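Inside the fold
Chain by chain, the residues run as shown.
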Amino acid sequence: MKKESQTIFDKNVIEFVTVAAEFCAFLERAENIKRKTFVDTTLKILPLLYLKASMLPKCETIGDEAPETYVTEEMYEILRINLADIMAERDDYLEVFLPDMAYSDQPIKKNISEDLADIYQDIRDFIFVFQLGLNETMNDSLAICQENFGMLWGQKLVNTLRALHDVKYNQEPDEEESEEEYEPGDDDCHCDDEECHCEDDNCHCHDHGCHCHDDE
């Protein structure tokens, strides 16, 4: 068996492929996920993805041509927009590990959605080639993904992890919590319409928030 074949079927490579594929699948189906659930799940996947990437065996390219890519500009943009919609006002964060920071008097703003989309693009291209099952291109795709981990998406991953941690543990009460604390006002009385329950067991006329007998 050739050396590249031995590398691509290494236990640590298979485990990385498994986690990477799950990460990509999660982002692809995340469109309608609530932000709290999305943040909680991403905070669990990203550390595992980093761990598995850091355990990959050393791999070098052997082919003359770069492997195929899978993620198009349109696919990237759709994913980024979906993630930005989920994160909403919590999408932005201040970057502290960019080289440009050494020459800037102002904080540099980054986006969780863009960082995750960048990580996705590298990993999804790798998964696409790996699934083709051709040893040489699988090897070269792994080598490129490993190099990009060290130079590009690994740093983005830990930066995004820090930003997501802040979203989870330093946030204002969300809309769901506000709805739970909501008390009805004057506009909520339905005594003159079909939704009135004053004559049945659902009557709340003795509750603190009832306005059924107000002069108004």
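Note that the structure is a prediction, hence the values are computed from the model and not measured. (Residues numbered from 1 in each chain as written. Predicted model: local features only at pLDDT ≥ 70, side-chain atom pairs only at ≥ 80, totals over all residues. Heavy atoms only, no water.)

**Observations concerning the overall build of the chain**
What the chain contains, in helices and strands, is seven helices and two strands. Scanning the chain from its N terminus toward the C terminus, one meets helices and strands in the order α-α-α-α-β-β-α-α-α. A burial count over the chain gives 36% of its 216 residues as buried. Taking as baseline every contact in the chain between residues at least 6 positions apart, the subset at least 24 positions apart corresponds to 76%. Accessible surface computed for the chain: about 14100 Å², of which carbon and sulfur atoms make up 48%. (Helix = DSSP H or I, 4+ residues; strand = E, 2+ residues; numbered from the N terminus. Buried < 20%, exposed > 50% of the residue type's maximum accessible area, 1.4 Å probe, protein only. Contact = heavy atoms within 4.5 Å. Areas by Shrake-Rupley, 256 points an atom, 1.4 Å probe, with all protein chains shown as cover.)

**Things to note about helix α3 (residues 35-54)**
With 20 residues, α3 should cover 28 Å at 1.5 Å per step; its first-to-last C-alpha distance of 28 Å lies within 8% of that length. Three or more residues of α3 are buried, namely Phe38, Val39, Asp40, Thr42, Leu43, Ile45, Leu46, Leu49, Lys52 and Ala53. Lining the buried residues of α3 we find α2 (11-28), α4 (73-87), α5 (112-132) and α6 (135-169). (Expected span 1.5 Å × (residues − 1).)

**A closer look at unusual backbone geometry**
Backbone geometry places Ala88, a non-glycine residue, at a positive phi of 50 degrees. Along the chain, Ala88 turns up in the loop between α4 and β1 (92-95). We classify Ala88 as partly exposed; its relative accessible area is 39%.

**Points about the pairing of strand β2 (residues 108-111)**
Every second residue of β2 is oriented toward a common face, the buried set being Ile108 and Lys110 and the non-buried set Lys109 and Asn111. Both β1 and β2 contribute to a ladder of four bridges, which runs antiparallel. Among the inter-strand pairings, Tyr93 is bridged to a residue of β2, identified as Lys110. (Pairing = 2+ DSSP bridges.)

**Description of the confidence of the model for the chain**
When the pLDDT values of the chain are averaged, the result is 82; 71% of them are 70 or greater. Per-element mean pLDDT across the chain ranges from 43 in helix α7 (residues 175-180) up to 98 in α3. In the model, residues 175-192 has pLDDT below 50 throughout and makes 17 contacts with residues more than four positions away in sequence or in other chains. (pLDDT = per-residue confidence, 0-100.)

**Brief notes about the nonpolar core**
Phe16, Phe23, Leu27, Phe38, Leu49, Ile123 and Trp153 are the most contacted members of the largest nonpolar core, which has 46 residues in total. Every element with two or more residues in this core is listed here: α2, α3, α4, α5 and α6. For this core, the leading source of residues is α6, giving 10 residues. Apart from the residues lying within four places of it in its own chain, the contact partners of Leu27 are Phe38, Leu79, Leu83, Leu116 and Tyr120. (Core = buried A, V, L, I, M, F, W, Y, C linked by side-chain atoms within 4.5 Å.)

**Focus: a nonpolar patch on the surface**
Taken together, the side chains of Leu48, Leu51 and Met55 present a nonpolar region at the surface, about 240 Å² in accessible area. Relative to the elements of secondary structure, Leu48 occurs in helix α3. (Patch = residues over 30% accessible without salt bridge, like charges linked within 9 Å, V, L, I, M, F, W, Y side chains within 5 Å. Salt bridge = Lys/Arg side-chain N within 4 Å of Asp/Glu carboxyl O.)

**So, the packing of aromatic side chains**
Scanning the model with the defined rule gives seven aromatic pairs in all. Pairing Phe16 with Trp153 gives two aromatic rings, centres 6.4 Å apart and planes at 20 degrees, and the pair type is stacked. With Phe16 in helix α2 and Trp153 in helix α6, this pair connects stretches of sequence that are 137 residues apart. Given a relative accessible area of 1%, Trp153 falls into the buried group. Ring geometry for Phe26 against Phe38: centres 5.5 Å apart, planes inclined by 15 degrees, an arrangement best described as stacked. Note that Phe26 is positioned in helix α2 and Phe38 in helix α3, a separation of 12 residues in sequence. Taking relative accessible area as the criterion, Phe26 reaches 5% and is therefore assigned buried. Judged by relative accessible area, Phe38 falls into the buried class, the value being 0%. In this structure an aromatic cluster arises from ring pairing among Phe16, Tyr50, Phe126, Phe130, Phe149 and Trp153. Stacked on the ring of Tyr70, the Lys or Arg Arg124 has its end atom at 4.2 Å from the ring centre. Directly above the ring of Tyr169 sits Lys168, whose terminal nitrogen or CZ lies 5.3 Å from the centroid. (Phe/Tyr/Trp six-rings, centres within 6.5 Å; stacked < 30°, edge-to-face > 60°. Lys NZ or Arg CZ within 6 Å of the ring centre and 35° of its normal.)

**Topic: the pattern of salt bridges**
Enumeration over the complete set of coordinates arrives at 11 salt bridges. Counted as one network, the salt bridges with shared partners bring together Lys11, Glu15 and Lys52.

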